[in-house]
Every structure is written in structure tokens, then in C-alpha cells.
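# What the coordinates show
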Amino acid sequence: MFPQLSLSIAASAAAVPRPVWDRLCPAGHPFLNADYLPILERHGAAGADSGWLARHLVASDENGVVIGLLPLYLKSHSHGDFIYDWSWAAAYRQCGRPYYPKLMSCLPHTPVGGPRLLVAAGPQAPAIRQALVAGAQELLGRSAASSWHVALPGDEEIDLLRKEGLLISHDVQFHWLDPGCGDFDGYLATFSAAKRRKVRAERRRVAASGLSIETRHGNEIEPAEWPALHALYASTFDRFNNHAAFSAACFADLAAALGRRMVAFIARAQGQAVAVAICFRSDEALFGRYWGCDGDYPSLHFELCFYQGIAYSLRAGLRRFEPGAGGEHKLARGFTPTVVHSAHWIADPAMRRMLARHLALQGEAVADYRDEAATHLPFRRDLAPPWPA
């Protein structure tokens, strides 16, 4: 352990110096970097006025050098964190106990897994991670929060969090995994004949619509273009009477800061943008995030949100494409059901016992669902299953 390790709270992501983010975060990650969280906080997508109060935990050594970082928010609601705990909040209410505020370690509005205990590799890394976990548990008590949640931590962090007493929840996402097929035609060759015909028919409908489709990276989109693209994005939320967390200015700043780590697939009719799928990428994976459209164009959603992303991943040598949370319709397009996890520290012993029983049953049900869903994948029977064992 570090006898001189000290913990402090950063009230904003911008208060953490850029070199610290660069040193502790995975290289080339589109969300874990010195830009993503500060921009979301500055534009209010993850700001105090929208129920995200930054309480980032910073670990420093005896010389004041930052050696660990845990993004943390004190939240007054359950929107945008993707741990799906509304029923937990209802159970607390039924028991006459407050669920909010809660502490969250997550990527706001972003259901993408990865490290949450940001520590440089080295022999002291396990001790620093343990100190961050202990610091989060202590902060929970000082904040009068009911719980601390770690949404979609890296696989290597799950065992640590479990050993530290956090409960583990289970969910299924649908991920595209490159089977080594070369290009999109090669990818379709892995499908059964009937499923292959269906995809080709969908793509023909888009081609026959007269729309043009372009791929643009963040640094290739002018700031003046974002209001129109943002209006398409916001229309999806309006349709479901939901709130669009990102503003046009927020997207413009993300595009300028992230450059080629942002990818937009844009459909145009006579030069006018009519649909957009906004994605982000690392050196290994593409992450689909936001979709919007201002008309009824058959199969365009599948084209922009799935097929363009697969084709882009194959061209760019990306081995994985995560198109976002939910959506069994992704199975027919070859997205493999993949079990993902989150971790939860529940302060109240009685509620912890109740939720532990619930999550044990959930784990079995999710595994069964993953296995059953995988039987509906479109791949030829003579191919090995692409999902992890």
C-alpha cells in the first residue's frame, strides 16, 4: 500500500490536468480522454443543472503526482447511466428509504465498457485501485448517497470490485465481431442464403431511394453544419417524448476535439441532410451512439446504423462494432449477443441482501437469454460461433 497516498475530489473533469488524462487513459479512446467528459460537463450534458454533480476521485502520491483517477458523479436520477436501476429506486421507495442521490462511475449517455479505475500499469496499480474503491465507499457515506455504481467496468476490474464487496449485475448488448472476412461481401458470405438475400434487399431499397450517403469524421464537419445534424438527432428524442442531452454546440466541440475519433454517416437528398448516425471510434472498435431522420426512408436506419458501420470497420481494420444498448433486431444483421456487467456497492445491508438475491437470479436468466438469442444469428451452420464461450 501507499502510506503517503492521498485522495482528493475534482469538482470538474477540466480540473484534472490534460497530462493526467493522457497518462492514465487508454491511448486513442474516444470517451476516456481529456476532452470528452470536460466537454459534456461544460455544455450541461453531464452538468449539475442536469443532475450530474462531478465528484471525480483523484489519488496522488507523496510528491503530489496523480497516480489514479476515478470518474464519479453524484446523481439525482437514473437517466443516461445505463445500469437500468429504476426498479431498485422503486423498491427503496416502497421500503420508505431514499435511493437518490447515488454515486455513479460511468461514461455519461454512453453504454460503452472499459476501465473505470484509471491507474497506470505497474506493481503498485492494484493498491491504487483498492484505494480508489475505498475512497468511493467513504465518499458515499459523506454524500448521504444510497449506493455507488460502476457502469460497464473493464473485465479486469470485475473481480476486484466483487472482492471489495460490490454486487455484479448482468445485461446483454449486441456486438459485431470481425470474423476475418475482408470486406462487406465477404461478411455477407458468412450468412445463410436467406439472411444474405434479406440484407441485400434492404441495401437495394436504400440505393433505389436516390439518397447519397457519405462518411465524415469530426474534423471534416464544419461547425455551421452541426445545427442541421443536431436537429436530426434531437428528432429521435422528440418522437419518444424524451430529452436530447447533447446540444449542437456540444457536438461541434466534440468533433473539433476528437477529430477522426468521431465518425458520422450522413444521408442526403438533393444535398440536404435527411438522416445521420453519429459514431465514435478507438483504434480497435467503432461505437454507434446517435441516430436521427426527418422522413420515412425504407431500411435507411439499418443502412446508416449497421451496414455503414460494419463496412467502415472492415475498411479501417476495426475488430469490433458496438452499435449501442438494446435491440434484438441487431441479431439478424450479425451482431452477437454479449454479456456485459456493472458493479454496485449498496450501503444498506438489508437492501444489499435483497438485491444480491435478485442479481443471482438475473445472472442465470441473462446467460440463458444470451444462449437462446445466439441461435437466431444469421451465420451459416458450418461456421464456428463468433460469440465468447
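Residues numbered from 1 in each chain as written. Predicted model: local features only at pLDDT ≥ 70, side-chain atom pairs only at ≥ 80, totals over all residues. Heavy atoms only, no water.

## Some details on the overall build of the protein chain
To be explicit about the condition: Strands are runs of DSSP state E lasting at least 2 residues, helices are runs of H or I lasting at least 4, and numbering of each runs from the N terminus. In this setup the radius of gyration rests on C-alpha atoms only. A globule is expected at 2.2 Å times the number of residues raised to 0.38. Residue exposure (1.4 Å probe, protein chains only): buried if accessible area is under 20% of the type maximum, exposed if over 50%, otherwise partly exposed. The contact definition used throughout considers only heavy atoms, calling two residues in contact when any of these lie within 4.5 Å.
Secondary structure summary: the protein chain contains eleven helices and 15 strands in total. At 22 Å, the protein chain has a C-alpha radius of gyration in line with the 21 Å of a compact globule built from 389 residues. Principal-axis analysis of the C-alpha atoms gives the protein chain an extent of 65 × 45 × 45 Å. Counting only residues that meet the buried cut, the protein chain has 54% of its 389 residues in that class. Sequence separation of at least 24 residues holds for 73% of the intrachain contacts in the protein chain that already meet a minimum separation of 6.

## Considerations on the sheet that holds strand β11 (residues 262–269)
Worth spelling out the cut-off: One requirement defines pairing of two strands: DSSP has to find at least two bridges between them. Whenever a helix is involved, its axis is fitted only over the stretch in contact; in every case the axis is a line through C-alpha atoms, and angles between N-to-C directions fall within 0 to 180 degrees.
Strand order in this open sheet of eleven strands is β2-β5-β6-β8-β15-β9-β14-β13-β12-β11-β10, and the pairing throughout is mixed. Every other strand in the sheet has two partners, leaving β2 (52–54) and β10 (212–217) as the edge strands with one partner each. For this sheet, the mean angle separating the axes of adjacent strands, direction not counted, is 30°. Of the pairings in the sheet, the one linking strand β6 (residues 102–105) to strand β8 (residues 147–150) comprises three bridges and is parallel in character. Its bridge partner lying in β8, serine 105 is registered against valine 150. Packing against the sheet, helix α9 (residues 248–258) makes contact with β11, β12 (272–281) and β13 (285–293), and its axis sits at approximately 125° to β11.

## Focus: the environment of alanine 134
Locating alanine 134 in the fold gives a position in helix α4 (residues 125–142). By relative accessible area, alanine 134 is classed as partly exposed at 41%.

## What about the packing of aromatic side chains?
Filter applied, for reference: Under the pairing criterion, centres of Phe, Tyr and Trp rings, with the six-membered ring standing for Trp, must be within 6.5 Å; the plane angle then separates stacked pairs below 30 degrees from edge-to-face pairs above 60, leaving the rest tilted. When the NZ atom of lysine or the CZ atom of arginine is within 6 Å of a ring's centre and also within 35 degrees of its normal, the charge is said to sit over that ring.
Tallied over the full model, the rule gives 27 aromatic pairs. For the pair phenylalanine 184 and tyrosine 187, a centre-to-centre distance of 6.0 Å together with 65° between the ring planes defines the contact as edge-to-face. With a gap of three residues between them, phenylalanine 184 and tyrosine 187 both fall in helix α6 (residues 184–188), about one helical turn apart. Of the aromatic side chains, those joined through ring pairs into one cluster are Trp176, Phe184, Tyr187, Phe191, Tyr307 and Phe379. Over the aromatic face of tryptophan 52 sits the side chain of lysine 75, whose NZ or CZ is 4.0 Å from the ring centroid.

## Digging into unusual backbone geometry
Between tyrosine 100 and the following residue, proline 101, the backbone shows a cis peptide bond with an omega angle of 5°. Within the secondary structure layout, proline 101 lies in the loop between α3 (86–94) and β6. The phi torsion at histidine 109 lies on the positive side, around 60°, for a residue other than glycine. Secondary-structure assignment places histidine 109 in the loop between β6 and β7 (118–119). Positioned with a positive phi, asparagine 241 is a non-glycine residue whose angle comes to about 55°.

## Quick notes on the packing of helix α7 (residues 193–208) against helix α10 (residues 300–316)
Filter applied, for reference: The handedness criterion is simple: a crossing whose near helix is rotated anticlockwise from the far helix by less than a right angle is left-handed, and one whose near helix is rotated clockwise is right-handed. Any residue outside Ala, Val, Leu, Ile, Met, Phe, Trp, Tyr, Cys, Pro, Asp, Glu, Lys and Arg is labelled polar, Gly included; the first ten of those are nonpolar and the last four are charged.
Closest axis-to-axis distance for the α7/α10 pair is 9 Å, and the angle between their directions is 115°. As for how α7 packs across α10, the hand of that crossing is left-handed. From α7, Val199, Glu202, Arg203 and Val206 reach across to α10, where they touch Leu300, Phe302, Glu303, Tyr307 and Gln308. For the contact of α7 with α10, the residue count by class is five nonpolar, one polar and three charged.

## Brief notes about the nonpolar core
Where we set the bar: Buried Ala, Val, Leu, Ile, Met, Phe, Trp, Tyr and Cys residues form a nonpolar core when they are joined through side-chain atoms within 4.5 Å.
Among the nonpolar cores identified, the biggest contains 54 residues, and Trp21, Tyr36, Trp226, Phe246, Phe251 and Leu254 are the most heavily contacted of them. With six residues, α9 is the single largest residue contributor to this core. Ignoring anything within four residues of it in the chain, the contact list for phenylalanine 246 reads Tyr36, Leu40, His109, His230, Tyr233, Phe251, Leu254 and Tyr290. Among the nonpolar cores identified, the runner-up in size contains 39 residues, and Tyr187, Leu211, Leu286 and Tyr307 belong to it.

## Topic: α3
Our working definition: When we speak of the arc, we mean the arc of directions from the helix axis to the C-beta atoms.
Regarding α3, the residues found buried are Trp88, Ala89, Ala91 and Tyr92. Take α3 and look down its axis: the buried residues cluster within an arc of 160°, on one side only. Projecting away from the buried face of α3 at angles above 90 degrees are the exposed residues Arg93 and Gln94. Those residues of α3 hidden inside the fold are in contact with β8, β15 (336–346) and α11 (349–374). At the C-terminal side of α3, glycine 96 shows a positive phi close to 70°.

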